[in-house]
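# Structural features, examined
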2 protein chains.
Amino acid sequence: MPFKTPRKPLAQPAPAKGRRKAVQEPYHHGNLREALLDAGIQLLKEQGAEALGLRELARQAGVSRTAPYRHFESRDALLAGIAEQGFVKLREVLLQARHQHEADHEAWFIAASKAYIGFAFGYAEHFKLMFGGYMKYEPDQHTSLHEAGNGAFQTLVDLIVASQESGLVMKGDPMAVSIAAWSTLHGFCSLAVHKRLDFLVGNPELLTRTAELVARTSLEGVRAR
Amino acid sequence: MPFKTPRKPLAQPAPAKGRRKAVQEPYHHGNLREALLDAGIQLLKEQGAEALGLRELARQAGVSRTAPYRHFESRDALLAGIAEQGFVKLREVLLQARHQHEADHEAWFIAASKAYIGFAFGYAEHFKLMFGGYMKYEPDQHTSLHEAGNGAFQTLVDLIVASQESGLVMKGDPMAVSIAAWSTLHGFCSLAVHKRLDFLVGNPELLTRTAELVARTSLEGVRAR
DNA sequence: CGCGATAAGTTGACATCGTCTACATACCTG
DNA sequence: CAGGTATGTAGACGATGTCAACTTATCGCG
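Residues numbered from 1 in each chain as written. Chains lettered and ligands numbered in written order. Predicted model: local features only at pLDDT ≥ 70, side-chain atom pairs only at ≥ 80, totals over all residues. Heavy atoms only, no water.

## So, the overall build of chain A
- Helix and strand content of chain A: 8 helices and 0 strands.
- Counting helices and strands in the order they occur from the N terminus, chain A gives α-α-α-α-α-α-α-α.
- When each of the 225 residues of chain A is scored for burial, the buried share is 49%.
- Total accessible area on chain A is roughly 11600 Å²; 53% of this is exposed by carbon and sulfur atoms. (Helix = DSSP H or I, 4+ residues; strand = E, 2+ residues; numbered from the N terminus. Buried < 20%, exposed > 50% of the residue type's maximum accessible area, 1.4 Å probe, protein only. Areas by Shrake-Rupley, 256 points an atom, 1.4 Å probe, with all protein chains shown as cover.)

Next up, the structure:
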């Protein structure tokens, strides 16, 4: 029962990491910023977003309660950082589906859909944090988070545009069509991670079939007719 | 600037309201339970779910901070009560769509879809509370909330079953098909109320078109083929 | 009609949290 | 080596949810 995590013995003092902006990477105590993010991701997975307190994260990182304020201007900013990592990961899995099936648009579509669903179920708490109302989110602030989200969304838009050109998917504003296709996947995932599909719990086989139906539904909903 | 709301002068002492369960209706101070729910719904609409503090609600109702505990065992229970009212309202608007178009299944489907979207946009904060992670939700506890949710969902299942019989919608497990159709609507609404569709903000005309596309997508996704 | 039980409301206290201000320390740069 | 700045710490404040103990009003029953 670890009440007090002793300060983690970092491998390197490590201020060697490229300085893309202006102010980064702690100097005399190891890189707290990433330590906080890592602890947060860990805690998020184990206990959910409500457990992500600034003081708790500080405790886990072995620093004092107000230390995080040197790296995040508020709790929301820290949550935004964690959510951002989620969007990066989501984009990765979507790109992976693309690279495996880029030639066949229909296969690409289905693979991307399953990747999205797989991410939501595999990182349920992360998914909730990314899309739920756990923090204040104003797109024109949180620009970094916003861009990460757009980066993930863009992979879907790319898929839709390609599929429109090949005649698989209906014509029309690519944004609107992308949102329509995305909505189907997202709605299913959102309902599932928030436990609103208790019809399916305890029946993993039915859940799998429903997930596949949803992936197909997403495609059929926007298929060219 | 009402700092202290004086105790509301109730029209009647009012313990005359049908006693469906066993323990209800406050005795010596007016009916606090409903006053709290009403204040909560009001505050929810104005300020969002985070503003729904037990103490704040008590303040608005003109009672002391711990008085709500005589009617709700915790803050979550109060939120659940408010969310439950939302599901009742949602069911109402879905039933209204049904009664206006029951004969034509396709019209019924589209009307129900638009009603769902209309509810989400018209009661955005309520919608977030109902489906987001603002409170702990375990279906086997919160049975009242759970049933209210199922009541609303059932209107969609009825629609799907009827549409399957008339050949509009594909065959298959009605639950799974209902979830697939619902997912499309819900995903769009969820993304919108959480401000994840900033592509559309400031362009209400595009938003309207996208909403209609989504309603159609929901149907096309499960249409018989 | 009166009296006890009980529902309803109040006050006080506690632990926790996010955040602010002021202070201390380590590191880098000139 | 000196000074500045990035980083970390301690203390305090107001706010919240919840518990325990106490008070008051209302109901039900003999």
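Right, picking up where we left off after that structure.
## Side note on the interface of chain B and chain A
- The interface is formed by 44 residues belonging to chain B together with 44 residues belonging to chain A.
- Taken over both partners, the interface formed by chain B and chain A buries close to 3800 Å², and the fraction arising from carbon and sulfur atoms is 65%.
- Residue A:Arg225 is joined to B:Glu220 by a salt bridge in which the shortest nitrogen-to-oxygen separation is 3.9 Å.
- Here chain B and chain A share 9 residue pairs in polar contact (both at pLDDT 80 or more) between them.
- When residues of the side of chain B that touches chain A are traced back to their parent elements, those giving at least two are helix H5 (124-131), helix H6 (143-165), helix H7 (174-193) and helix H8 (204-222) of chain B.
- It is H7(B) that provides the largest number of residues to the side of chain B that touches chain A, a total of 13 residues.
- Partitioning the side of chain B that touches chain A into residue classes produces 23 nonpolar, 13 polar and 8 charged. (Contact = heavy atoms within 4.5 Å. Buried area = accessible area lost by both parts, 1.4 Å probe. Salt bridge = Lys/Arg side-chain N within 4 Å of Asp/Glu carboxyl O. Polar contact = N/O pair within 3.5 Å; in protein donor to acceptor, adjacent residues only side chain to side chain. Nonpolar A, V, L, I, M, F, W, Y, C, P; charged D, E, K, R; others polar.)

## Looking at the relation of the copies chain B and chain A
- Note on the copies: chain B fits chain A at an RMSD of 0.0 Å, the axial shift is 0.0 Å, and the rotation between them is 180°. On this basis, the relationship between the two copies can be described by a two-fold rotation axis. (Least-squares fit on C-alpha atoms with pLDDT ≥ 70 in both.)

## Overview of helix H7 (residues 174-193) of chain A
Residue and element names in this part refer to chain A.
- In this model, H7 (20 residues) spans 28 Å end to end at C-alpha, consistent with the 28 Å of a helix rising 1.5 Å per residue.
- Taking the largest bend as the criterion, H7 deviates by roughly 30°, centred on serine 183.
- Counting buried residues along H7, 18 of its 20 residues qualify, which places the element largely inside the surrounding structure.
- Its side-chain oxygen placed 2.8 Å from the backbone nitrogen of methionine 175, aspartate 173 serves as the N-cap of H7.
- Just beyond H7, the residue with positive phi is lysine 195, at close to 60°. (Expected span 1.5 Å × (residues − 1). Bend = angle between axes of the 7 residues up to and from the residue.)

## Side note on the packing of aromatic side chains
- Under the criterion given, the structure shown has 16 aromatic pairs over all chains.
- Consider the rings of B:Phe119 and B:Tyr123, whose centres lie 5.1 Å apart with planes at 20°: the pair is stacked.
- Taken together, the aromatic side chains of A:Phe87, A:Tyr116, A:Phe127, A:Phe131, A:Phe153, A:Trp182 and B:Phe199 make up a single cluster linked through ring pairs.
- The ring of B:Tyr137 is capped by A:Arg196, whose NZ or CZ atom sits 4.1 Å from the centre of that ring. (Phe/Tyr/Trp six-rings, centres within 6.5 Å; stacked < 30°, edge-to-face > 60°. Lys NZ or Arg CZ within 6 Å of the ring centre and 35° of its normal.)

## Concerning the side chain of B:Thr155
- Within the secondary structure layout, B:Thr155 lies in helix H6.
- Sequence-distant contacts of B:Thr155, defined by excluding residues within four places in its chain, comprise B:Arg91, B:Leu94 and B:Leu95.

## Section: the packing of helix H4 (residues 105-122) of chain B against H7(B)
Residues and elements named next belong to chain B.
- Put simply, H4 and H7 touch, their axes get as near as 9 Å, and they point 25° apart. Between H4 and H7, the angle is such that the two are roughly parallel. In this structure, the crossing between H4 and H7 has a hand that is right-handed. Touching Phe109, Ser113, Tyr116, Ile117, Ala120 and Phe121 of H4 are Ala181, Trp182, Leu185, His186, Phe188, Cys189, Ala192 and Val193, all from H7.
- In terms of residue class, the contact of H4 with H7 is made up of 12 nonpolar, 2 polar and no charged. (Axes fitted to C-alpha atoms, helices over the stretch in contact; angles between N-to-C directions. Parallel < 35°, antiparallel > 145°, perpendicular 65-115°, else oblique. Left-handed = near helix turned anticlockwise from the far one by under 90°.)

## Some points on helix H2 (residues 54-61) of chain A
All names here are of chain A.
- Buried within H2 are the following residues: Leu54, Leu57, Ala58 and Ala61. One side of H2 carries all its buried residues, which in axial view fall inside an arc of 100°.
- Its buried side turned inward, H2 meets helix H1 (32-47) and helix H3 (75-101).
- Positive phi shows up at glycine 62, right after H2, with a value of about 80°. (Arc of directions from axis to C-beta.)

## Observations concerning the side chain of A:His105
- Mapped onto the secondary structure, A:His105 falls in helix H4 (residues 105-122).
- Setting aside chain neighbours within four positions, we find A:His105 in contact with A:Leu159, A:Ala162, A:Ser163, A:Ser166 and A:Leu168.

## Description of the pattern of salt bridges
- Enumeration according to the criterion identifies 22 salt bridges over all chains in this entry.
- Close ionic contact of A:Glu56 with A:Arg59 constitutes a salt bridge, the shortest N to O distance being 2.6 Å. Residue A:Glu56 and its partner A:Arg59 are both found in helix H2; the two are separated by 3 residues, about one turn of the helix.
- Classification of A:Arg59 by relative accessible area gives partly exposed; the value is 46%.
- Across the salt bridge formed by A:Glu102 and A:Arg98, the nearest N and O atoms sit 3.1 Å from each other.
- Residues participating in the shared-partner salt-bridge network are A:Glu106, A:Arg216, A:Glu220, A:Arg223 and B:Arg225.

## Quick notes on the confidence of the model for chain A
- Of the residues in chain A, 87% reach a pLDDT of 70 or more, and the chain-wide mean stands at 88.
- Taken together, the stretch residues 1-26 of chain A has pLDDT below 50 and engages in 17 contacts with residues farther than four places along the chain or on a different chain. (pLDDT = per-residue confidence, 0-100.)

## Considerations on unusual backbone geometry
Residue and element names in this part refer to chain A.
- Of note in this structure, histidine 142 is not a glycine but carries a positive phi near 35°.
- Within the secondary structure, histidine 142 sits in the loop between helix H5 (124-131) and helix H6 (143-165).
- Taking relative accessible area as the criterion, histidine 142 reaches 22% and is therefore assigned partly exposed.
- Positioned with a positive phi, lysine 195 is a non-glycine residue whose angle comes to about 60°.
- The topology assignment puts lysine 195 in the loop between H7 and helix H8 (204-222).

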